[in-house]
Amino acid sequence: MKSHLSMRHWAFVVIILPTLFISLILGSILIYKRHTELENVLIERGLSLAEPLAMLAGKSIQQQDNEFLSRSLDLAHRRGSPAVNNISVFTADHSLLVSTNEHVDIRETKLSKGKTVSSKSTVERYGDIVFVRTPIWGENLDSSKAFVIKGDDRTLYGYLVLELSRNKVLLQQQSSLLLMISILIIALFVSFAFAQYFIKRLINPIHRINNVIAKIVQGDTKVRSTELYLAELNTLRDGINTLGKKIHLANEQAEHNISEHTQELTQTVELLEIQNVELSIARKDAQTANNVKSQFLANMSHELRTPLNGVLGFTRQLKKTPLNDNQSDFLETIESSAKNLLRIINDILDFSKLDAGKMELESIPFSLRDTVNDVMTLMAPTIFDRGIDVHLGVESSTPDSLRGDPDRIKQVLLNLMGNALKFTHQGFIRLDVQYKGGDEHGHKIKFVVSDTGIGIDKTVIQKLFSVFEQADSSVTRRFGGTGLGLNICKKLIEAMGGNISVKSEKDQGSSFYFDIVVKENNISVAEPIDVADIAGKRILVFDNNDQSLNDINLLLSDFTELQITTCENQANFSKWLKEPFDVVLISRNVSPSTIGLLQQFVSEAKENCENVIAMIGSISPNLKEALIGSGATACVSKPINHKKLIDSLSAPFRTYQQTEQTKSISFNGLKVLAVDDNKSNLKLLTTILTEMSVVADTAYDGLQAVEMAKKYRYDAIFMDVQMPIMDGITACREIRSSSLNEDIPIISVTAHATADEQVTISECGFNDYLAKPIDEQVLRQILIEFSGDAYNVSNNKAAKQDAVLKSGAAPDFAGFHHINWPMALERAAGKRDLAVQMLDMLIKSIPDTVDQINGGLASNSVDDVLTAVHKFHGACCYTGLPKIKSLAEQIEINLKANRQIKNVEPELFELLDEIELLRNESMSWQLS
């Protein structure tokens, strides 16, 4: 423990405290003895006076001479003053006989009635008064006038009370206490003086020695202390002097060494400067070479994509013409080869972007389960063709509504699943999703892709994620591939805040583990699943595969309140069928040659249960139709898709149409202002708002929006950020500062906003952020949040699905590889005509967009290119063109971040190629 007392303080404590302690003890003893002696003297004096007077009183009573007794007592009183206050004589019955002071209250003086007079003198104290009571004895009296108590040989006449005052004694006690305190103060003063002298003799030398040490520390190593001190301090002084001398010699030696090393360092620095110049030149050469490489990749991509797109386009056109079997097979081979070559080019470009740090990750809301289901749906047909099992397990605690880049997650999973499929000939491939907790940075999600393939030798695992590396040199010839996939996955995962690792043994299969950190999205992205119809129903699940059975059981337990019974073999299945069940689910891998056994199970289950669902490891429509013909109520494909499975289980128990279950959303009375310079974007937004019974006014720039905000009162304003004349940020500030809508919510609507832009948007007064393409569910949630409880709001999922179903057949151009027709319908709120109209408006804007981009490239104007790309990106958000939209978004992000056109030239060339291909293809479409 660190002491806060100095040596000076300790000296005072050591010297003064013992003196104080001893003085207090001795003084207390002496005072106590003095006080006791004074008290005893007073009592002895009282007894020596009271007992003779008692004898005198006895004679006077015997002679009945009270006058003589009174004079004798008065004389004794005067002689004993001031110590004697009163002398009283009481008879045996406690009656006053004589008193020398008539003004004294005798009630305290005499004994109380009934109390026996002591045969000896007694002393009693009452505060400052001492009472000495002495019995009066004498011979027997013949007179009966006096009350006496006769004994054997003497008679008690009464008792004498001598009242003594302690005032003088107290005064003497106080005087002795004051004297003792004075002596204590003098002793302390002497001790303090002695301590001061001792401290001066001890501390001052120490201070002088400390000053010498301070000078040595400051560099004056020649200073010495020569004064004489106490013996121990002289020893300390000599030690300090010796230390100073040695430090002085060491410094001289160090200065000599430093001088020599300085010369050597000077020569080394000169060499390093020469090397730095050479390294700088080499670095510039390397940067130049890297730029040349990037430019070469961009040009190569541009030159290769153009003929490849032509090959793919004309192959698809040629497949529409009458062909024989050989010709169709040849075209399939051509298309497959072209797609593989295009995939290799895309891998090379992704690697180049990641290597240059130009890959930007999106941050958009997505459903994790839907993303995983999409991956499994894409991989399932190829896996089933290989005759191996595929399993999916998602941990119950894993959050579903997240915010990140789902496309990149799919890219990683597809690559790992593709590798697993490539090297697995029998057994299974499995994907597990696990939740590893969350913190302020987001949720940590772990993915595990495992297989029972050929495995990887431990000696090559370390280099597995390197560029152009594969597990074995023969793999390239046997299985194909560029060796870039895992390296791209590794860099994408690291960009998402995670790591990737692998565990594998030769011929024992492999397991790839990776985790990512993603933020939670407060608004649910996935459509809700209606499980009310099957709550409490009994279901029998039959699956001969342990993994598949456990996965189904876990999924049904997480999402439903079904009473689940499972079995793994045919004997138990037949046994359980004797009990009543509402649904029987039979899961099994089948092929055309093994479907008979599954049909037998379906028929057996149908005899005991009306609703039988089959789950098969195949996507073949013929197999599904055969099972349904055998009595199955429905047939779904593996791996487990929670929505499809629960929908199939619920379908037999629905008693009314889905469209009749829900009410349409109604925001009657809500009035908003929609602001966007893109007509197609503005039209879609107002269409969706109108369907929700929202009155929507429109404005095409920020200035018009400010003018309308000054004239009309709105419940909310949806405003694009980048607009001509006046941008959205400036318009927001103007509305907040002076308008009729200073306190209403203003929502920014933009295709992309960087982290810095989102901060700026929030600081300038926007209440929330709505990303393009506009998701109807997110828009609905924003209206709910900012409209409060004043409007009748309910789920509109069914109405939206019904609108998509009623939209009619897909148009002929929906098969074009750029177009995602279901997405286009979803963006258009299920309206087929609106989706076609918006696509038509986009295609008509292509010439102007291409001219603006080319003009910006010719003049090297970042702003012109950025404006054109931003506007085109916003239009792509609503037209079901995910690939072109992604390219435009990536270019916009890079231009905002770097403000250099040369950094996005590869992407710009690719975007122009895709736009040109889209425009050429659209010439044969019926859009209007």
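Quick caveat: nothing in here was measured; it's all calculated off a predicted structure.

Details of the sheet that holds strand β21 (residues 716-720)
Pairing in this open sheet of five strands is parallel, and the strands run β20-β19-β21-β22-β23 from one edge to the other. Of all the strands in the sheet, just β20 (695-699) and β23 (768-771) have a single pairing partner and so form its edges. Within the sheet, the average angular offset between the axes of one strand and its neighbour, ignoring direction, is 25°. Here four bridges tie β21 to strand β22 (residues 746-750), and the two strands are oriented parallel to one another. Across the sheet, the residue bridging to F718 is I747, located in β22. Along the sheet, helix α17 (residues 702-711) makes contact with β19 (671-675), β20 and β21, crossing β20 at roughly 135°.

Points about unusual backbone geometry
Residue P82 is bonded to the preceding S81 through a cis peptide linkage, with omega at 0°. For P82, the location among the structural elements is in the loop between α2 (66-80) and β1 (84-91). Look at the link from K638 to P639: it is a cis peptide, with omega at -10°. Looking at where P639 falls in the secondary structure, it is placed in the loop between β18 (634-637) and α15 (642-650). Of note, Q64 is a non-glycine position whose phi angle comes to about 55°, a positive value. Its place among the elements puts Q64 in the loop between α1 (7-63) and α2. Here Q64 falls in the exposed class, since its relative accessible area comes to 56%. Positioned with a positive phi, I725 is a non-glycine residue whose angle comes to about 65°.

Let's talk about the UniProt feature "transmembrane region" (unreviewed entry) in the chain
UniProt records the feature "transmembrane region" (unreviewed entry) for residues 12-32 and 177-199 in the present numbering. From the first C-alpha to the last, residues 12-32 spans 30 Å; its make-up is 100% helix and 0% strand. For residues 177-199, the end-to-end C-alpha separation is 32 Å, with 100% helix and 0% strand making up the annotated structure.

Digging into the pairing of strand β9 (residues 401-404)
As defined by bridge partners, strand β7 (residues 364-367) adjoins β9 across four bridges and the pair is classed as antiparallel. When the bridges of β9 are listed, F366 appears paired with L402. Of the strand pairs in this sheet, β9 and strand β13 (residues 510-520) are connected by two bridges, and their pairing is antiparallel. Residue R403 lies in a different strand from β13, and its bridge partner there is K519.

Side note on the UniProt feature "modified residue: Phosphohistidine" (unreviewed entry) in the chain
Under the feature "modified residue: Phosphohistidine" (unreviewed entry), the UniProt entry names H870. Turning to its location among the elements, H870 is positioned in helix α24 (residues 862-876). Beyond its immediate chain neighbours, meaning those up to four positions away, H870 contacts D720, Q722, T750 and E892.

A closer look at a nonpolar patch on the surface
A contiguous nonpolar surface patch, about 490 Å² in accessible area, is contributed by F21, I22, I25, L26 and I29. Relative to the helices and strands, I29 resides in helix α1. Judged by its relative accessible area of 46%, I29 falls in the partly exposed class.

Structural notes on the pattern of salt bridges
According to the stated counting rule, one finds 16 salt bridges in the structure shown. Its salt-bridge partner being E39, residue R125 comes within 3.8 Å of it at the nearest N-O pair. In this pair, R125 is assigned in strand β3 (residues 122-126) and E39 in helix α1, connecting sequence segments 86 residues apart. Judged by relative accessible area, R125 falls into the partly exposed class, the value being 47%. Given the relative accessible area of 10%, E39 is considered buried. In this structure, R713 and D743 form a salt bridge, with 3.0 Å as the shortest nitrogen-oxygen distance. One end of the pair, R713, is in the loop between α17 and β21; the other, D743, is in the loop between α18 (728-737) and β22, with 30 residues separating them in the sequence. Using a relative accessible area of 61% as the deciding quantity, one classes D743 as exposed.

The rules behind these values
Residues numbered from 1 in each chain as written. Predicted model: local features only at pLDDT ≥ 70, side-chain atom pairs only at ≥ 80, totals over all residues. Heavy atoms only, no water. Pairing = 2+ DSSP bridges. Helix = DSSP H or I, 4+ residues; strand = E, 2+ residues; numbered from the N terminus. Axes fitted to C-alpha atoms, helices over the stretch in contact; angles between N-to-C directions. Contact = heavy atoms within 4.5 Å. Buried < 20%, exposed > 50% of the residue type's maximum accessible area, 1.4 Å probe, protein only. UniProt positions renumbered as here; feature names shortened; annotations may be inferred. Patch = residues over 30% accessible without salt bridge, like charges linked within 9 Å, V, L, I, M, F, W, Y side chains within 5 Å. Areas by Shrake-Rupley, 256 points an atom, 1.4 Å probe, with all protein chains shown as cover. Salt bridge = Lys/Arg side-chain N within 4 Å of Asp/Glu carboxyl O.

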